[in-house]
Amino acid sequence: MHKFLEVRGLTKRYGSTVALRNVDFEVSQGEALGLVGENGAGKSTLMKVLGGVVAPDAGTITIADRSHDKLTVQQSMASGIAFVHQELNLFENLTAAANIFIGREATRGGPLRLLDDRTLAARAKPLLAQLGADFSPEIMVEDLSLAQRQMVEIAKALSLEARLVIMDEPTSSLTQSETERLLETIRKLSASGVATIFISHRLGEVKQCCSRVAVLRDGETVAMLKGKDVTPENMIRHMIGRDLKSVYRAPAQAAGEDMLAMTGLRTAYRPLSEVNLALRAGEILGLAGLVGSGRTELARVIAGIEPALGGSMRFAGKELVVAAPSDAIARGIYLVPEDRKGAGLVLDFPIAQNVTMPDLKRYARHLLVDARLESHTANAQKESLDLRCSSVAQAAGELSGGNQQKVALAKWLAMSPKVLVMDEPTRGIDVGAKDEIYRIMRQLADSGVAILMISSDMEEVIGVSDRIAVMHEGRIAGILSRGEFSEERILALAVGRHAQQEAAA
Amino acid sequence: MNRKDLGLLVLILVVGTIVAIINPRFLSPINLSNTANLIGLFGLFSLAQAFVIISGGIELSSGSVIALLGVIFLDLVAAAGVPWPLAALLIVALGGILGLCHGFLITRMGLQPFVVTLCGLLIYRGVARYYTDDATAGFPFGASFPWLEWLVAGRSFGVPHSLVAFILAAVALAILLHKSVYGRYLYAVGKNEMAARYSGINTRLVIASAYVLCGALTAAAAIFIAMYTRSISPSSHGNFYELYAIAAAVLGGCSLRGGEGSILGVVLGTILLQVLQNLVNLLGIPSSLNFAVMGTVILLGVLADQQVMAYRKRSRL
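Residues numbered from 1 in each chain as written. Chains lettered and ligands numbered in written order. Predicted model: local features only at pLDDT ≥ 70, side-chain atom pairs only at ≥ 80, totals over all residues. Heavy atoms only, no water.

Participant: Help me understand the interface of chain B and chain A, please; the structure alone is not making it clear to me.
Facilitator: Frequently, the measure chosen for interface size is the accessible area removed from exposure when the parts meet. Every contact between the two is made by 18 residues of chain B and, on the other side, 29 residues of chain A. For the pair chain B and chain A, the summed buried surface comes to about 2,000 Å²; carbon and sulfur atoms form 62% of the total. Between chain B and chain A we count two salt bridges in total. The salt bridge partner of Asp348(A) is Lys191(B), with a shortest N-O separation of 2.8 Å. (Contact = heavy atoms within 4.5 Å. Buried area = accessible area lost by both parts, 1.4 Å probe. Salt bridge = Lys/Arg side-chain N within 4 Å of Asp/Glu carboxyl O.)

Participant: Which parts of the structure should I look at to understand the packing of helix H2 (residues 29-54) of chain B against helix H12 (residues 263-282) of chain B?
Facilitator: Think of two packed helices as two axes; the pair is described by the angle between the axes and how far apart they sit. Residues and elements named next belong to chain B. In the contact formed by H2 and H12, the axes pass within 8 Å of each other and the chain directions differ by 140 degrees. For the element pair H2 / H12, the angle class is oblique. The way H2 lies across H12 gives a crossing that is right-handed. The segment H2 lies against H12, with Asn31, Thr35, Leu38, Ile39, Phe42, Gly43, Ser46, Leu47, Ala50 and Phe51 engaging Ile263, Val266, Val267, Thr270, Ile271, Gln274, Asn278 and Leu282. (Axes fitted to C-alpha atoms, helices over the stretch in contact; angles between N-to-C directions. Helix = DSSP H or I, 4+ residues; strand = E, 2+ residues; numbered from the N terminus. Parallel < 35°, antiparallel > 145°, perpendicular 65-115°, else oblique. Left-handed = near helix turned anticlockwise from the far one by under 90°.)

Participant: What am I meant to see in the pairing of strand S23 (residues 467-472) of chain A here?
Facilitator: Remember that side chains alternate between the two faces of the sheet whenever the strand is regular. All names here are of chain A. Counting buried residues along S23, six of its six residues qualify, which places the element largely inside the surrounding structure. Side-chain alternation along S23 places Arg467, Ala469 and Met471 on one buried face and Ile468, Val470 and His472 on a second face that is also buried. Looking at chain direction, strand S15 (residues 284-289) and S23 are connected through five bridges and run parallel. Within S23, the residue paired with Leu287 across the bridge is Ala469. Here S23 runs beside strand S24 (residues 475-481); their pairing, made up of six bridges, is antiparallel. Opposite Val470, over in S24, you have Gly478 as the bridge partner. Counting the residues that bridge the hairpin from S23 to S24 gives two residues, and of these Glu473 lies at a positive phi of roughly 45 degrees. (Buried < 20%, exposed > 50% of the residue type's maximum accessible area, 1.4 Å probe, protein only. Pairing = 2+ DSSP bridges.)

Participant: What am I meant to see in the side chain of Gln277(B) here?
Facilitator: Residue and element names in this part refer to chain B. Secondary-structure assignment places Gln277 in helix H12. On the accessibility criterion, Gln277 (13% relative accessible area) is buried. Residues in contact with Gln277, not counting those within four places in the same chain, are Tyr244 and Asn290.

Participant: Help me understand the domain arrangement of chain A, please; the structure alone is not making it clear to me.
Facilitator: Domain boundaries assigned for chain A yield domain 1 (3-246), domain 2 (251-332 + 417-505) and domain 3 (344-416). Summarising the inter-unit geometry, the C-alpha centres of domain 1 of chain A and domain 3 of chain A are found 45 Å apart. (Domains from an automatic or database assignment.)

Participant: Hey, could you run me through empty space enclosed by the protein in this one?
Facilitator: Left-over empty space is what a probe sized like a water molecule reveals as it rolls over the atoms. Counted under the stated rule, the structure contains six cavities of 30 Å³ or more. By volume, the largest cavity is sized at about 60 Å³. For the lining of the largest cavity, the class distribution of residues is four nonpolar, seven polar and one charged. (1 Å grid on protein atoms, 1.4 Å probe; cavity = no way out; pocket = protein on both sides within 12 Å on 5 of 7 lines; lining within 4 Å. Points joined across faces, edges and corners; volume = space filled by probe spheres on them. Nonpolar A, V, L, I, M, F, W, Y, C, P; charged D, E, K, R; others polar.)

Participant: Where do I start with the sheet that holds strand S17 (residues 318-320) of chain A in this structure?
Facilitator: Two strands in a sheet stick together by hydrogen bonds in their backbones, pointing the same way (parallel) or opposite ways (antiparallel). Residues and elements named next belong to chain A. The strand order S14-S13-S16-S17 describes an open sheet built from four strands, whose pairing is antiparallel. What marks the edges here is a single partner per strand, and that holds for strand S14 (275-280) and S17. On average, each strand axis in the sheet is tilted by 20 degrees relative to the strand beside it, whichever way the strands run. Where strand S13 (residues 258-266) meets S14, five bridges bridge the pair, whose relative direction is antiparallel. Opposite Leu260, over in S14, you have Leu279 as the bridge partner. Sheet strands touched by helix H9 (residues 295-302): S13, S14 and strand S16 (310-315). Its angle to S13, the strand with the most contacts, is close to 115 degrees.

Participant: What is the right way to read the sheet that holds strand S6 (residues 81-84) of chain A from this model?
Facilitator: Residues and elements named next belong to chain A. One open sheet holds the six strands; their spatial order is S6-S9-S10-S3-S11-S12, and the pairing between them is mixed. Bordering the open sheet on either side are S6 and strand S12 (220-226), each of which pairs with just one other strand. Ignoring which end each strand starts from, the neighbouring axes of this sheet average 20 degrees apart. One ladder, built from six bridges, connects strand S11 (residues 212-217) with S12; its direction is antiparallel. Note that in S12 the partner of Val213 across the bridge is Leu225. Packing of helix H5 (residues 146-159) onto the sheet brings it into contact with S6 and strand S9 (164-168), and relative to S6 it is tilted by some 170 degrees.

Here you go:
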């Protein structure tokens, strides 16, 4: 069959890290190619290159026999590449037809350029029908389900005469029957000669709809599976397989009693999934899982940012009700959030004021803040965390990522934590600072703190945790003890292999 | 004193000097005393506004609150014969309750501050006019409340008591805003509400309390202003006062995005606005241009500040 897209030797570096290294693959007309890889394997970068958002450092992209060193967004669109993103880029306040033809509206009334809604709807109708959509083009997008919205996105791609539709995790929030419909849509696209790149962590679905699968690992295409080789086991085997260097520091003593136990805990994000998990004193429990598996939402419920939808928590053996963040904080249950700049710190505030914020009343006499006491505590934290700054009066926003994270940590360390939930504690931090954060975490655990570390970084999860819980679609899919740690096991749990096998049986 | 406040002070001194040179009457005791009185009156509710703006909100109903509470106060004291200290207390409490309503609608019902207080602006003005039958409210002939008049509209050693009240309020509020736990929370909530929430701060309570404080302080200002004008025509009393307050706060370094500003800045902003008003009178500029002069100066001031900031940022890189 004729090749539509051919990528050869694609390389992209960000500073010293290599995001893509000599990536090779091709997609034929009407083919559905699967693209799989772990978090951070380079899938997003590859998509950005194909979309013309990021220019590669080396390599060629050949589309319909025309070679390019790099693409612009306009070139990418003009050559027939379209994207259906995980976060849909639709205007909820407009109709489906208006979204499909946004920027290319049909007009009437000559120079008045009035919108011709009737023509828009008439043009949208066959596109939606082609995809098997069951809704009118005149419906508001806000009234559509997620699966229907995806159809609008795909219809938009078709209206642009796309020859290749790239779908990034399109099924991650769909129900079973919606997923079936989407896979059917992909088959229809193939039949009409439109190619698809299907990026997914749901390996069973990849197997169902793709005849060939490219596996990315650390920015390289490590395997191109075909025909009967396309099995979840094969994909997992190729997705992992690098040597992880160990950064493990053994705990000083065995883990203690259950500090925080969750039973049947449900979050608004995945209302039907229940979490059962116990954090022990003196232990670092890694929480692995794919992006979107509900780990951050769980952390937010523990910290009282969002209310639990159901279930219960026990703290040190006693019933725990967290209705507001202050309830959790009062018991020593603290969250170092993933979004450091947005939720962890007030960037314009000095370091000292950030450190004392959650416990400011303790620094006040007759409700007036004692600035000397405040900077005393901040300086003590600065010493113990080896914080690099000109002084604790420096604005937190002026610090490096690693030092900002230390300030976000110092907030809670200054008030003796019992349970510390750390969401992606080292994201965007350089190697040296990472190791320091790990050292601090181990010290805390050895002093009896229960630590829940949410991380998408395999090396970190395996290297730092004493036990690993793996989350899949809002549930704890399994818990591994140190002897059982392997990237393969974690990944299998994270993509829900066991659940899927059962469902298939 | 930060750089912004210093710039504002310099601007006030420069404008004042120029006006004094052109028209020496600017420095006459009568003129200074009158201007000081106006600074005191406008300053009280400008300080109130600043708290709401720092919380990240806006209070558009100040002028209408001043009209409504003004007529109620005069009615209570002059017609209903309520002892004035009790009436004053009632009015301040009522102002706090109105603020509480705003705070409730904003933090619990999730309405936008602009919308809530815009509705307040319309409602209170309408109620004030209905309450008085659209007639001018005032004291009956010969009525006299010497203590009340001395306290809120009198002078000691030529210093109007409204200015004294303003200075006392400014000092108290400066301590509250710049030194207290509450003040720190207010800045944190205004600057990054999410980070404040993650730190366990009850952000709704902090925001709502800013409106309560604003309402109570505006009510106090309403009493001072009512006793200054001594008669209130409810359709025009206090018109545009919320805009004076917002202008003073913005001139004084408050950002409408919240989390920025100082009491000293607001005090200086109020002074500058009143000096400008005075300038229009003294320099023989047609008084119809009053607002135009004020608007131009604010625009230039904010523009200059923006440019200086951008320049400093560039030179730091």
